[in-house]
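What follows is the residue order along each chain.
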Amino acid sequence: MDLERALSYSRYAQRAFAADVTLAQRIETAAGAAFDWSAESNRPPESPDAATAARWLRDLRRRVFLHTMVRDLTGRAPLAEVCATMTRLADVAVTAATSLHTAELSSVHGAPTGSETATPQSLIVLGMGKLGGGELNVSSDIDLVFVYPEEGETAGPRVIANREYFDRLGRRIITTLNDATADGYVFRVDMRLRPYGDSGPLTTSFAALEAYLITQGRAWERYAWLKARAITGDRHDELDALVTPFIYRKYLDFDVYEGLRDIHRQIRDQGARRDYADNIKLGDGGIREIEFIVQALQIVRGGREPELRIRGTLPALAILGERGLLPGTSIDALRDAYLFLRGVEHRLQYRDDEQTHTLPADTDERALLAESVGDTPEAFAATLKRHRSVVSLTFAQTLGDDDSAVSVTDEIFTSTWDDPRPSKERCEALRAAGYADAAALTDSLVRVRASSRYQLLPAASRQRFDTLLPRVLAVASAHPGLEGAQVVFGRLLSLLETIARRSAYLALIIEHPPLLPRLANLMGASAWAAEYLARHPLLLDELLDARALLAEPDWDAWRVELARLLASNPADAEHQMDALRHFQHAQSFRLLMQDLDGRLTVERLADHLSALADAVLDAALAACWTQMTSGDVLPPRFAIIGYGKLGGKELGYASDLDLVFLFDIDADDADSDASEARYTRLGQRLNTWLTSTTSAGQLYDTDLRLRPDGAKGLLVSSLRAFQKYQRENAWIWEHQALTRARFVAGDAAVGTAFENLRESLLRLAREPAGLAHDVVDMRRRMHAGHPNPTRDFDLKHDSGGMVDIEFTVQYLVLAHAHRHALLTRNAGNIALLGFAGDLGLLPAALAEEAADAYREYRRLQHKVRLTGAAHARVEPGPQVARRATVQALWTRVFGTPWTEAPPRPATAAGA
């Protein structure tokens, strides 16, 4: 639209230009650039009286409106500029009116003073809705809430209570902005979002606001407060601290979906009465539905992901896209629809400066509207229909009524839960559905109904539980797995009872029907996985996106994500500890699902779990150091050394971490004692972060006994002390442990020094016979500590098992690495057996057979662990040949089975 058409499009503009013949020329001249707030005419007058301020604000509003309209209609201003300009106008108007009337009232009554802090108090004007989000439309009213920090009284000649002072101030602000005079108005002011709405006090103290939100705050008010933004006053951080817990929960809050649907149903019911078909804000596929989609996802996840706590719709939509919470195509479609609909909204309002969102019924008016967006009436109608259809569909997919998504549940399951008393017909139907012991099933349902846990559920939670139980019976019947429907149902029921008091978890399952079959498959595949999920129900969220769940792990991306999570709240240790736990649990769960799906070998799974532990340790170390030093010193010269399964990259889901902490300080450090004490505190703090149980659970169990002098030794060791101990005082078993040790996190220079020391220690020449006696003696001691009273074969500890292979490999490394540096590589037992075969230390065929046995033992051990068994024990028959291979390996290296070797006192490695 050209300038002439733009100026003539608005009847409001024509009236304004008729009243001021120079206005059109001034607007035309200035329209080449965004509104200039620094210009003399656009700055508030010095010390105005109320009448002067009111006139100036109305004149400013008129010029801003017309300037913005011309730039918008001529294609010079994007939506972001239009909204930002109108929001800036509101901020300027609110600030000017507040300053004016604060000065007037304080000259009579003095400044309001807090009774608690004895400090001056200021009125905080909060912009809500589109004003708070920085996306005000051109003819919008403004939603305001007035709050102040403390009760008290003014400190002046005519003392009044703070409440009365701020009420008077609020009324004057409203009058200045809202009243229509001969010069027009500035903004229509809507105060209905304050506590108790129209029936509540005009202004509210912090304490009263907090009490209201805790005891009276309703679901829709969480959406209203999500965009709240302080325009005036101070102590904003205190206000945020009391409002944020009301908006965002610490957990994934799927309860909000039903609350939002209630609001939407009310709007639609009202729309049916008022015919909202042509309302581009409240009708189907309108602006409000886009806002609901975005705000719902923000509130669901904002408690755990602070990055989502962003006010504007478009910025929030972009963050949702970055976090993968909506498909990219949906993000693009919603953004395009929002831009289009907001543009149409503004054109409707430019016409007469009215707050309207309804398309004109008149054909000529529609044609003019279409022209204002550069379309023919037919093309405009088609584009509008396309955008609204996409929005409506996305809304239905994201937040549609759950009734539309409920699969049909067999009547037998519904009636069984409604009245679980057994009957012959019911038991036969349940057996036909896969429940072999129908009587036991109905007994368990009777028990659940009679339990205090069920009886004491809040009404909403019980209703959801009642909705889910028949579906759980049906899905277990349809997905019985290898262990049968009854076992799958029992595990699902246990999970349901565990999460029942958190209605948000029940809502999550109801809101996402595909989740139940995935849960059933998981429960049927692994008892350990079922128990893990019950301990960490937040992981239910991970099951929602099958693509992300089964995506190839990216170790570098893990580190980037961890850094982002911890940087979001660096001063809050509890938040960071929980963030580490949520991350580790989520990634472990994803690996578990890929494991159960057959996508990972045991070796590849161990690689991933070990890399995950490395990333978590590195992030935890950095966070602990930052907490101790406030980030104002150089990174610590501190390294974490992994031993055992972590060191050998053979970590399992529930493995503990064998760790040693090393630090380095300069020999001439004058403050060495203080440095050592600081590193000791760092080690203590790090171990606490790893092992403490918080509301998010535990991170890892740790074992620090492999440090010099074991449990009696210092928690952290200097490099020099560690080197001296390893060369002069370490036992042979401690050098055995070094074969599976590696630097995993912290200072790279300290890590390199350790790796160099490790290699030099492993390459020491040792007397073979004495070494063999010590290794065999340690093998016997280990077996004595892990007796097997059953007839089953213990894959790890029994003769011919995994420990025999591991000790044999360790002996070969310590005995021969002085001639063969290849053996010092931390490549894992299978690869080291191959090296030994290639070097002629073992017959190649025996080395290969032993490696195959070790690989199969690990696979079987992993399989048994997934059943939840405490010990990795299996039927001995199928393992006879493998045990014979391992025993042959042992005899080849040591001469006789360890069960026949006489005990001998262990010797120090350096002796």
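About the criteria used
Residues numbered from 1 in each chain as written. Predicted model: local features only at pLDDT ≥ 70, side-chain atom pairs only at ≥ 80, totals over all residues. Heavy atoms only, no water. Phe/Tyr/Trp six-rings, centres within 6.5 Å; stacked < 30°, edge-to-face > 60°. Helix = DSSP H or I, 4+ residues; strand = E, 2+ residues; numbered from the N terminus. Buried < 20%, exposed > 50% of the residue type's maximum accessible area, 1.4 Å probe, protein only. Lys NZ or Arg CZ within 6 Å of the ring centre and 35° of its normal. Salt bridge = Lys/Arg side-chain N within 4 Å of Asp/Glu carboxyl O. Polar contact = N/O pair within 3.5 Å; in protein donor to acceptor, adjacent residues only side chain to side chain. Contact = heavy atoms within 4.5 Å. Axes fitted to C-alpha atoms, helices over the stretch in contact; angles between N-to-C directions. Parallel < 35°, antiparallel > 145°, perpendicular 65-115°, else oblique. Nonpolar A, V, L, I, M, F, W, Y, C, P; charged D, E, K, R; others polar. Pairing = 2+ DSSP bridges.

Draft legend 1. Examining the packing of aromatic side chains more closely. Across all of its chains, the model carries 23 aromatic pairs by this definition. Geometrically, the ring pair formed by Phe-65 and Tyr-350 is edge-to-face, given 5.8 Å between the ring centres and 80 degrees between the ring planes. Of this pair, Phe-65 sits in helix H4 (residues 50-73) while Tyr-350 sits in helix H14 (residues 328-352), and the two are 285 residues apart along the sequence. There is no split in this pair, since Phe-65 and Tyr-350 are both buried. Counting every residue linked through ring pairs, the aromatic cluster contains Trp-625, Phe-638, Phe-661, Phe-663 and Tyr-679. Here the basic side chain of Arg-309 rests over the ring of Tyr-248, its NZ or CZ set 5.1 Å away from the ring centre. When the ring centre of Tyr-9 is taken as origin, the NZ or CZ atom of Arg-351, which lies over that ring, is 5.6 Å away.

Draft legend 2. Looking closely at the side chain of His-67. As for its placement among the helices and strands, His-67 is situated in helix H4. Look at His-67 and you get buried, because its relative accessible area is 3%.

Draft legend 3. Representation of the pattern of salt bridges within the structure. The full count for this structure, using the stated rule, is 54 salt bridges. Two residues, Asp-190 and Arg-192, come together in a salt bridge whose shortest N-O distance is 2.6 Å. A relative accessible area of 11% means that Asp-190 is categorised as buried. Residue Glu-497 is joined to Arg-447 by a salt bridge in which the shortest nitrogen-to-oxygen separation is 3.7 Å.

Draft legend 4. Local environment of the side chain of Glu-806. The topology assignment puts Glu-806 in helix H36 (residues 802-816). At 2.8 Å, the side chain of Glu-806 forms a polar contact with the side chain of Tyr-854. The residues touching Glu-806, leaving out its near neighbours within four places in the chain, are Glu-650, Arg-740, Asn-829 and Tyr-854.

Draft legend 5. Fine view of the packing of helix H17 (residues 411-418) against helix H19 (residues 438-450). The N-to-C vectors of H17 and H19 enclose an angle of 50 degrees; their axes lie 9 Å apart at closest approach. Relative to H19, the element H17 is oriented oblique. Together, Thr-416, Trp-417 and Asp-418 of H17 and Thr-442, Leu-445, Val-448 and Arg-449 of H19 make up the contact between the two elements. Partitioning the contact of H17 with H19 into residue classes produces three nonpolar, two polar and two charged.

Draft legend 6. Quick look at the pairing of strand E3 (residues 142-148). Of all seven residues in E3, seven are buried, a share of seventy percent or more. Both faces of E3 are covered, namely the face carrying Ile-142, Leu-144, Phe-146 and Tyr-148 and the face carrying Asp-143, Val-145 and Val-147. Pairing of E3 with strand E5 (residues 189-190), which is carried by two bridges, proceeds in the parallel orientation. Residue pairing in the sheet places Ile-142 in a bridge with Val-189 of E5. In terms of strand pairing, E3 meets strand E6 (residues 203-205) through three bridges, oriented parallel. Counterpart to Val-147 in the pairing with E6 is Thr-204.

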